[in-house]
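Here is how the chains run, residue by residue.
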Amino acid sequence: MTVLKAFSFLIPMLLIFTGCGPYYRTVISMEPVKTGAYAVNSAEMACSVEKEGVKITLVFEKRKNLEAVSQQSSWNPYLNEQKLFFYVFKFTVENDGQNKIFIDTGKTVLLDGLGGQLNALSLDYFRALYPVTTILEQNTRFRGDAYFDKTVIYTDDYYRLNKAEKTLFVNGELYPGVKREGYIVFEQVKQGAGKITVHLSGITLKEGAKPEEIRFEYLHNVSIKEVK
């Protein structure tokens, strides 16, 4: 190989290794604001309240925790390396009271301060969003006579849906002494939204009673971060 040919070979290789610049990541924060009879923890982005022995906590989930949902970013149902696809809150209920309670996160509503309303996303939503779970690949094998075999290939959607099923809050009855946690997920909030109000309208603390009206407020902020 001549020097000229070698140099012409190195140019595209150098472009490959040096052409990868920084990318930009959307950074979202939700600062809890105390506007009612509930406690706030700014460091954890958490609001919490206790009623009749039942402690309810809502945390805007940090990106670091969302990244830990899956081993690979392509399997994550909520984000990729550049941005969040959804707004995710970690919801925890501890029933230290005397009564069986009932939780329905499907009734949770987010108000964006701009006149918009978002309803919590259901598991059926994610089943429709990530529908392709497996592919059957037909292989021809030869052992004396030819025969056909099928290999099941698990797609990225399979893993995304699996992670959503495991991390979304499971609705239903909670008996005394039971603690349950999981995610409540919303579609993206508009960047110009300022005050975010989350209405947890599906919590019933006593059998036959009316659902509680629990409301938490946050200040919404969006920025762009350069990641090298």
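Being a predicted model, the structure only gives us computed values, none of them experimental.

Chemist: Would you mind showing me how to read unusual backbone geometry here?
Modeler: Peptide bonds are trans in most cases, and residues, glycine excluded, mostly fall at negative phi. In this structure, M45 takes a positive phi of about 55 degrees despite not being glycine. With respect to the helices and strands, the residue M45 is situated in the loop between β2 (39-41) and β3 (46-51). What makes M45 buried here is its relative accessible area of 16%. If you check the backbone angles, E52 has positive phi at about 50 degrees while not being a glycine.

Chemist: Just to check I follow, could you spell out the side chain of N76 for this structure?
Modeler: Examined against the element boundaries, N76 turns out to sit in the loop between α2 (63-67) and β5 (86-95). N76 gets classed as buried once you look at its relative accessible area, which sits at 2%. Here the side chain of N76 touches Y78 through a polar contact of 2.9 Å, landing on its backbone nitrogen. A polar contact is formed between the side chain of N76 and the backbone nitrogen of L79, at a distance of 3.5 Å. When near neighbours in sequence (up to four residues on either side) are disregarded, N76 contacts L66, E67, V69, S70 and R160.

Chemist: Just checking my understanding: could you explain the confidence of the model for the protein for this structure?
Modeler: A low pLDDT means the predicted coordinates there should not be read in detail. Per-residue confidence for the protein gives a mean pLDDT of 85, with 82% of residues at or over 70. Below pLDDT 50 for its whole length, residues 1-19 participates in 2 contacts with residues either more than four positions away or in separate chains.

Chemist: Just checking my understanding: could you explain the packing of aromatic side chains for this structure?
Modeler: Given two aromatic rings, their pairing is described by the distance between the two centres and the angle made by the two planes. Overall, the coordinates contain 15 aromatic pairs when judged by the stated rule. Ring centres of W75 and Y159 lie 4.0 Å apart, and the angle between their planes is 15 degrees; this geometry places the pair in the stacked category. Separated by 84 residues along the polypeptide, W75 in the loop between α2 and β5 and Y159 in helix α4 (residues 156-167) bring together distant segments of the chain. Ring plane angle 90 degrees and centroid distance 6.0 Å describe the contact between F89 and F186, whose orientation is recorded as edge-to-face. In this pair, F89 sits in strand β5 while F186 sits in strand β12 (residues 179-187), placing the two residues 97 residues apart along the sequence. Relative accessible area serves as the criterion here: at 0%, F89 is assigned to the buried category. Ring pairs connect the aromatic residues Y78, F86, Y125, F126, Y130 and Y183, which therefore count as one cluster. Directly above the aromatic system of Y38 lies the positively charged group of K34, at a separation of 5.8 Å from the ring centroid.

Chemist: I'm lost on the pattern of salt bridges in this one. Help?
Modeler: Oppositely charged side chains can pair when the atoms bearing their charge come close. The final tally for this structure, using the stated rule, is 7 salt bridges. For D157, the salt bridge goes to R160, with nearest N and O atoms at 2.7 Å. Separated by 3 residues within a single helix, D157 and R160 lie in helix α4, roughly one turn from each other. Each member of the pair, D157 as well as R160, carries the same accessibility label: buried.

Chemist: Sorry, what's going on with the nonpolar core here?
Modeler: Judged by nonpolar contacts, the single largest core of 48 residues is most densely connected at Y78, F89, F91, F126, V185, F216 and Y218. For this core, the leading source of residues is β5, giving 6 residues. Setting aside anything within four residues of it in sequence, one finds F216 in contact with Y38, C47, S48, V49, I56, L58, I196, T197, V198 and L200.

Chemist: Would you mind showing me how to read the pairing of strand β4 (residues 54-60) here?
Modeler: Successive side chains on a regular strand alternate, one facing one side of the sheet and the next facing the other. With 6 of its 7 residues buried, β4 lies for the most part within the structure. Strand direction decides the pairing type here: β3 and β4, joined by 6 bridges, are antiparallel. Looking across to β4, one finds that A46 is bridged to V59. In this structure, the hairpin formed by β3 and β4 is closed by a connection of 2 residues, where E52 is found at a positive phi of approximately 50 degrees.

Chemist: For this particular structure, what's the right way to read the sheet that holds β3?
Modeler: Pairing within the open sheet is antiparallel, and its 5 strands lie in the order β2-β3-β4-β5-β12. For this open sheet the edge positions go to β2 and β12, each flanked by a neighbour on one side alone. On average, each strand axis in the sheet is inclined to that of its neighbour by 20 degrees, with strand direction left out of account.

Chemist: Please explain the environment of N99 as it appears in this structure.
Modeler: With respect to the helices, strands and loops of the structure, N99 is situated in the loop between β5 and β6 (101-103). In this structure the C-alpha to C-alpha distance between N99 and E52, which are 47 residues apart in sequence, comes to 8.9 Å. Each residue touching N99, except ones within four places of it in the same chain, is listed here: E52, L174, P176, L205 and K206.

Basis of the calculations
Residues numbered from 1 in each chain as written. Predicted model: local features only at pLDDT ≥ 70, side-chain atom pairs only at ≥ 80, totals over all residues. Heavy atoms only, no water. Helix = DSSP H or I, 4+ residues; strand = E, 2+ residues; numbered from the N terminus. Buried < 20%, exposed > 50% of the residue type's maximum accessible area, 1.4 Å probe, protein only. Polar contact = N/O pair within 3.5 Å; in protein donor to acceptor, adjacent residues only side chain to side chain. Contact = heavy atoms within 4.5 Å. pLDDT = per-residue confidence, 0-100. Phe/Tyr/Trp six-rings, centres within 6.5 Å; stacked < 30°, edge-to-face > 60°. Lys NZ or Arg CZ within 6 Å of the ring centre and 35° of its normal. Salt bridge = Lys/Arg side-chain N within 4 Å of Asp/Glu carboxyl O. Core = buried A, V, L, I, M, F, W, Y, C linked by side-chain atoms within 4.5 Å. Pairing = 2+ DSSP bridges. Axes fitted to C-alpha atoms, helices over the stretch in contact; angles between N-to-C directions.

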